[in-house]
Amino acid sequence: MRSSSTQLDGFELLADTLGEMASRHTPDGAYTYASAATRGLLGYEPEELIGRSTFELIHPDDVDDVRGAHSSLLRDHDRVDVRYRYRHKDGSYIECETIARAVRDEDGELVETIVVKRDIDDAIAGDELRRQWEICFKRTSRGITVSDAETGTIVSLNPALAEMHGGTVGDYVGKPLRSLFAPDWTEPIPDVARTVDENSHVSYDSDHVRLDGSVFPVRTEVMAARDERGEVQTAWTSSWGASTRLVGGLIMGHGDAGGLRLPPRIAPTQVAIVVVRDEDGAVGKARELGDAIAAVGVRVKVDADVHTGFGRRAVDWELKGVPLRIDLGPRDLAEGQVTLLRRDSGEKSQVPLDRAPHLVGDLLDDIQAAMLAEATEFRDAATADVGSVEEALEAGREGVGRIEWARLGPEGERRLLDDGVSVRCIQRPDGSVPASEDEPDLQAIVARAY
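Now for a quick tour of the structure.

Criteria and thresholds
- Residues numbered from 1 in each chain as written.
- Predicted model: local features only at pLDDT ≥ 70, side-chain atom pairs only at ≥ 80, totals over all residues.
- Heavy atoms only, no water.
- Phe/Tyr/Trp six-rings, centres within 6.5 Å; stacked < 30°, edge-to-face > 60°.
- Buried < 20%, exposed > 50% of the residue type's maximum accessible area, 1.4 Å probe, protein only.
- Lys NZ or Arg CZ within 6 Å of the ring centre and 35° of its normal.
- Pairing = 2+ DSSP bridges.
- Helix = DSSP H or I, 4+ residues; strand = E, 2+ residues; numbered from the N terminus.
- Axes fitted to C-alpha atoms, helices over the stretch in contact; angles between N-to-C directions.
- Contact = heavy atoms within 4.5 Å.
- Arc of directions from axis to C-beta.
- Core = buried A, V, L, I, M, F, W, Y, C linked by side-chain atoms within 4.5 Å.

**Description of the packing of aromatic side chains**
Here is step 1: Following the criterion strictly, the structure yields 1 aromatic pair and no others.
Here is step 2: Between Tyr-84 and Tyr-86, the ring centres sit 5.8 Å apart and the planes meet at 55°, which makes this aromatic pair tilted. Across this residue pair, the class does not change: Tyr-84 and Tyr-86 are buried.
Here is step 3: One cation-aromatic arrangement involves Lys-320 over Trp-317; the distance from NZ or CZ to the ring centre is 4.8 Å.

**Quick look at the sheet that holds strand S13 (residues 324-328)**
Here is step 1: Taken in spatial order, the 5 strands of this open sheet run S12-S11-S13-S14-S15, and their pairing is mixed. Two strands in the sheet have a free side with no partner beyond their single neighbour: strand S12 (300-303) and strand S15 (348-352). Averaged over all adjacent pairs, the angle separating strand axes in this sheet is 25°, with direction ignored.
Here is step 2: Both strand S11 (residues 271-275) and S13 contribute to a ladder of 5 bridges, which runs parallel. Within the sheet, the bridge partner assigned to Val-271 lies in S13 and is Leu-324.
Here is step 3: Those strands touched by helix H10 (residues 310-320) are S11, S12 and S13, and its axis lies near 175° from that of S11.
Here is step 4: Seen against the sheet, helix H12 (residues 356-382) touches S11, S13, strand S14 (337-342) and S15 and runs at an angle of roughly 10° to S14.

**Comments concerning H10**
Quick reminder: α-helices carry 3.6 residues per turn. Residues three or four places apart thus point the same way.
Here is step 1: Within H10, the full set of buried residues consists of Arg-313, Ala-314 and Trp-317. Viewed along the axis of H10, the buried residues span an arc of 105°, placing them on a single side of the element.
Here is step 2: Among the structural elements, S11, S12 and S13 are those in contact with the buried residues of H10.
Here is step 3: One or two residues past the end of H10 sits Gly-321, with phi positive at roughly 80°.

**Concerning the nonpolar core**
Here is step 1: The biggest cluster of nonpolar side chains holds 24 residues, and the ones touching the most others in it are Met-21, Tyr-31, Leu-42, Leu-49, Ile-58, Tyr-84 and Tyr-86.
Here is step 2: If you list the elements that add at least two residues to this core, you get strand S2 (31-34), helix H2 (38-42), helix H4 (63-75), strand S3 (79-87), strand S4 (93-104) and strand S5 (110-119).
Here is step 3: Ignoring sequence-local partners within four residues, the contact set of Tyr-84 consists of Ile-58, Asp-62, Val-66, Ile-94, Glu-95, Cys-96, Thr-98 and Lys-117.

Okay, here's the thing in structure tokens:
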């Protein structure tokens, strides 16, 4: 089911349903879904409205206006705004401000409407909050989902989450929350929801599935919000990309038997100056050297913990993966030089003490380039260009396969998933990210997910 050409705006759905009522209707106006906020606005339990016509609850003097707005949706309008009085369960009438949106099929025929109601008396106080939500919700790159805690139904989501899953907002609103997850992850969802009810916040890793069937990793944070009755309304927020999985990639891509090896550009400490012994002013000279290196923009630390053996400290810095170590002791001072040790290659060299601050920057650039070249060579050696689904499956079991996306397609991808291999990304021949999967000459990278 697809939305109309204007599509459903993710922010407006979220902002208008925070504490307000969202519902879905058949083309003739019958309820098919009502959010939990129905209780607060109209006094009904959501299930009490399912199957009922919205027109039977509208004040008789306002029915013609609402039918006129409804006719506009049936013809060609994608959105209508209308005010009318709606009957509360206790028999009183509430003046509501309503936004109704059309969802159409590929032929442009109306298949359902999504409606948001709010009490006009509460509208003014919420305007400023909604403007603030527009900034953080519509523009953020983090995917955000709001779900009904009782039914597990998606009430709203933002454009970032919809794009992350290969669809539009209209593809997911009103659908089960489990539709976002890979099959192996659907069963734990109720357990997670119960944990959130008790602890208010849960964070975990899981696998999600796109509309095309491809699976990708997600770091998810789940937070509980309570409605006016004190009942939990669960918001699911997901981020994809920079997460703890990158740390694993860093270790696998660059680590060795000696521990971490950090590329200089991302290393918290780029240079460690290790004092061998505190004799002949070695500690003071090391700190002077550290200040000089920091002055050229390098992140440096001085290790003057001479009460711990030099060998132990040298191993510690190796384990931490600091790109460059400078050893300085009484003998070095006497000779007017220092010893440089590269973490990437283990290569040692001695340079004049007064020249060290000027040499460090170029040496870090060399280390960065060497580590990139080494990692690229390893990646290329482990990647096989293949021409069929079976070859892609074989390559993905032990390494990485690269196949034309047009040759693999969704059907081939499903075949890979049956054997634990999945499409890790789709890219252009130059490695850049495509604007859509319809671009020509795209390549799919396939491998096992760990």
